[in-house]
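Below, each chain spelled out in residue letters.
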Amino acid sequence: MRYALDPELAAALAMMAEVDISDLAAARAAQAAELAVAMRDADATGVCVRDERVPGPVAGTALSLRVHRPADARGPLPALLSMHGGGFVLGSPDVDHESNVRLCRELPAVVVSVDYRLAPEHPFPAALDDCWTALRWLADNAPALGVAPDRIGLWGDSAGAGLAAGLALLARDRGGPAIRHQHLHSPAVDDRLTTGSAREFTDTPVWNRRNARLSWDAYLGPGVPGSAAVSPYAAPARARDLAGLPPASVAVMEYDPLRDEALAYAGALRGAGVRTTLLFYPGTFHGAVIVAHSAIARRVMDDALAALRAGLGAADVPPRHSATDNRQA
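Sequence positions are assigned chain by chain, starting from 1 and proceeding in written order. Side-chain atom pairs in this predicted model are given and counted only at pLDDT of 80 or more, local residue features only at pLDDT of at least 70, and totals for whole chains, interfaces and linings cover all residues. Only hydrogens and water are set aside when side-chain values are computed; all heavy atoms of the structure are taken into account.

Student: What is the right way to read the side chain of Thr-133 from this model?
Tutor: Within the secondary structure layout, Thr-133 lies in helix H4 (residues 126-140). We call two residues contacting when some pair of their heavy atoms lies within 4.5 Å. When sequence neighbours within four positions are dropped, the list of residues in contact with Thr-133 reads Pro-55, Gly-56, Pro-57 and Leu-63. Secondary structure counts use DSSP, requiring at least four H or I residues in a row for a helix and at least two E residues in a row for a strand, with both numbered from the N terminus.

As structure tokens, then:
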């Protein structure tokens, strides 16, 4: 199928490798090679980065976190808990390292990235348990980290955004820690894959229906996606009550199998009285921000920064008018 992609994105596709998680070992090896180059070339000027090992959710285990802090920051700062994408089966804090450095530097904020356990070796709720442990650690150690405990936000991409949405539900239902804002970028929130975009986009760049199906099978277990047994903490689109969740900003790419579930989730948040900003980007595909030099990728990141500044109380700045829909409710 032909798609009306942004010209800069379309030109970059010829140089992008296809993502295929049917051979997970090969996909992980290819990503590791790409990330090694990206980490080597990353510019962390103005940011202090350290890796931290904290007690894991299972007795006798440890969880790895990467902590980014502005080098010249003063006073309590907002904080972001960052959850990388990768279909629940790929990735590490290296995936979002450059984005997290920029968020840290430009918000400014302390950014903590979670090296959560991956499926299928560790199915749900392992990844969410790791993210919950990281959130508790961040809140409990806010004074030592120089973090304002009432200005903690969540940031996630794709599967990471699904984890962020599930974590927001979990924190609400467990009575805290308090979350000020959740930024969900191309969120994977619905295991049923019954939306129009999930059915239609079988050959879209980077992510397609097949990858989405394999991802949910790995995370929930073969045969479980689409069944009545799926927890809303795993697939937040299944939650019956979204009232009382933190304000949200939701970024949606046009030619993305996850497009319609993201739109529906943003609408459901609004319907529950949650203040929600919807950012919709025509001509884009899932993961389009990887084409970092493109104007649209720069706009997506600029809008995320503006939404997070406003949401975390860093500044009274609305998202830029770069998307077709940035309404708030």
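Student: Can you help me understand unusual backbone geometry in this one?
Tutor: The bulk of non-glycine residues show a negative phi, and the bulk of peptide bonds are trans. Omega for the peptide link from Leu-107 to Pro-108 comes to -15°, which places this bond in the cis form. Inspection of the secondary structure puts Pro-108 in the loop between helix H3 (97-106) and strand S4 (110-114). One non-glycine residue, Phe-88, lies in positive phi territory at about 70°. Here Phe-88 shows up in the loop between strand S3 (77-83) and H3. Backbone geometry places Val-206, a non-glycine residue, at a positive phi of 70°. The residue Val-206 is located in the loop between helix H7 (196-200) and helix H8 (209-220) in this model. The exposure class of Val-206 is partly exposed, given its relative accessible area of 23%. Each residue's exposure class comes from its accessible area (1.4 Å probe, protein chains only) as a fraction of the maximum for that residue type: buried when under 20%, exposed when over 50%, partly exposed otherwise.

Student: Where do I start with the packing of aromatic side chains in this structure?
Tutor: When we look at a pair of aromatic rings, we describe it by the centre distance and by the angle of the planes. Here is the rule: rings of Phe, Tyr and Trp (six-membered ring for Trp) pair when centre to centre is within 6.5 Å. Planes less than 30 degrees apart are stacked, more than 60 are edge-to-face, and the remainder are tilted. Under the defined criterion, the tally for this structure stands at 7 aromatic pairs. Relative to Tyr-255, the ring of Phe-201 lies with its centre 6.0 Å away and its plane at 75°, an arrangement referred to as edge-to-face. Remark: Tyr-255 occurs in strand S7 (residues 248-255) and Phe-201 occurs in the loop between H7 and H8; sequence separation between them is 54 residues. The class of Phe-201 is buried, set by a relative accessible area of 2%. Aromatic rings pair up to connect Phe-88, Phe-124, Trp-216 and Tyr-219 into one cluster. For a ring to carry a charge above it, either NZ of a lysine or CZ of an arginine must fall within 6 Å of the ring centroid while also lying within 35 degrees of the normal to the ring plane. Looking at Arg-174, its charged tip hangs above the ring of Trp-132, at a distance of 4.8 Å from the centre.

Student: I tried to follow the pattern of salt bridges on my own but got confused; where do I start?
Tutor: Two side chains carrying opposite charge are able to pair once their charged atoms lie near each other. Within this document, salt bridges are pairs made up of a side-chain nitrogen of Lys or Arg and a carboxyl oxygen of Asp or Glu, the two lying within 4 Å of each other. By the definition in use, this model includes 14 salt bridges. Salt-bridge contacts for Asp-302 lead to Arg-102; the nearest nitrogen and oxygen are separated by 2.7 Å. Highlighted residues: Asp-302 in helix H10 (residues 295-311) and Arg-102 in helix H3, separated in sequence by 200 residues. A residue is classified by how much of its surface remains accessible, and Arg-102, at 22% relative accessible area, is partly exposed. Taken together, the salt bridges that share partners define one network made up of Asp-51, Arg-66 and Asp-94.

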